[in-house]
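Survey of secondary and tertiary structure
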Amino acid sequence: MNEITAKKQLNPVIKEITIYAPDIAAKAKAGQFVIFRVNQDSERIPLTLAAWNKEKGTITHIVQEIGFSTTELGNLEVGQKIQNVVGPLGNATEIENFGTTVIICGGLGTAVAYPVARALKEAGNKVISIIGARSKELFILEEEMSAVSDEIYFTSDDGTKGQKGFVSDVLKSLLEKNYQFNRAFAIGPPIMMSVIADITRPYGIKTIASLNPIMVDGMGMCGACRVTIAGKTEFACVDGPEFDAHKVDFKELMLRLRGYCKEEKQALSFEPTGGHCKCHNH
């Protein structure tokens, strides 16, 4: 259980890790997540399910090594085991035949968007995907997203792939061309999701945002993942992670996400020596 069965480098900063976890694979649905604890003394980190295989009993996650814990997870190799893998957690994406849907995702958000896009396509929707990244080499799952999209658009900050600019620019362009969307999904950095919500609001397009606040237990007990939705406090782990984007307080979400930046930098700079911290030799 919890053994890494495959590992792949998707781009310079992102890895794909497949884990043997048959109980989770048997129940997984689009939009749900899993909480990992690499070792006994590791912190708990949530990662959304990117794929799963019920026959093989595996789940797949895409990891960007930003902080100490994601780096710790990314450093594991095939054959090694993860201490704890808990899930699937959170509510699955509401999937039905809405008609024409648009998925707007950026960066690592593509990993979350892919199972949603696949489920929407399987339900009979027309799926239009808009994917953004800083530059060409940072895109992931291009073939997979293309396979489940009726139309797909790429944008890059530097113009090295697709249209130069932002995903919001493409969405505005499609709306100006009188595209009629029955449902929109925004998945990525909070600032991007906030901008998308502002664009779709005047058109009355119901827009779903997948939120990624700081999370600890993932079961609604600790309150760390609280977000404000329509002026009320909700917990992303048990009430989400998806919410009506037009009701999310994105400013508060972004402020809370920056709460431990200093501590993350300190954790990354820590270098143990002989099982002791540096000060042991002084």
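Whatever comes next refers back to the structure up there.
One structure accompanies this document, and this report is about it. (Residues numbered from 1 in each chain as written. Predicted model: local features only at pLDDT ≥ 70, side-chain atom pairs only at ≥ 80, totals over all residues. Heavy atoms only, no water.)

**Points about the overall build of the protein chain**
Under the convention used in this document: Under the DSSP-based scheme used, a helix requires at least four consecutive residues in state H or I and a strand at least two consecutive residues in state E, with every element numbered from the N terminus. Relative accessibility thresholds used throughout: buried, under 20% of the residue-type maximum; exposed, over 50%; partly exposed, between the two (1.4 Å probe, protein chains only). Whether two residues touch is decided by their heavy atoms; if any such pair falls within 4.5 Å, the residues are in contact. Reported accessibility uses the Shrake-Rupley method at a 1.4 Å probe radius. Residues are deemed covered only where the shown protein chains occlude them.
Within the protein chain, the secondary structure is distributed over nine helices and 16 strands. A principal-axis box enclosing the C-alpha atoms of the protein chain has dimensions of 65 × 40 × 40 Å. In the protein chain, which comprises 282 residues, the proportion classed as buried is 48%. Pairs at least 24 residues apart make up 64% of the contacts formed inside the protein chain by residues separated by at least 6 positions. Surface summary for the protein chain: the accessible area is close to 13,900 Å², and the carbon and sulfur share equals 50%.

**Quick notes on the packing of helix α5 (residues 167–176) against helix α6 (residues 190–200)**
Using the following cut-off: Here an angle of 0 to 180 degrees is reported between the N-to-C directions of two axes, which are lines fitted to C-alpha atoms, with helices fitted over the stretch in contact. Note that the term roughly parallel is reserved for angles under 35 degrees, roughly antiparallel for angles over 145, roughly perpendicular for angles of 65 to 115, and oblique for everything else. Should the near helix be turned anticlockwise from the far one by less than a right angle, the crossing is left-handed, and should it be turned clockwise, the crossing is right-handed. Any residue that is not Ala, Val, Leu, Ile, Met, Phe, Trp, Tyr, Cys, Pro, Asp, Glu, Lys or Arg is counted as polar, Gly included; the first ten are nonpolar and the last four charged.
As a packed pair, α5 and α6 sit with axes 10 Å apart at the nearest point and diverge in direction by 15 degrees. With respect to their mutual orientation, α5 and α6 come out roughly parallel. Two packed elements cross with a definite hand, and for α5 against α6 that hand is right-handed. Contacts between α5 and α6 involve V167, S168, L171, K172 and L175 from the first element and M192, V195, I196, I199 and T200 from the second. By residue class, the composition of the contact of α5 with α6 is seven nonpolar, two polar and one charged.

Without other data, these values stay purely geometric and don't point to any function.
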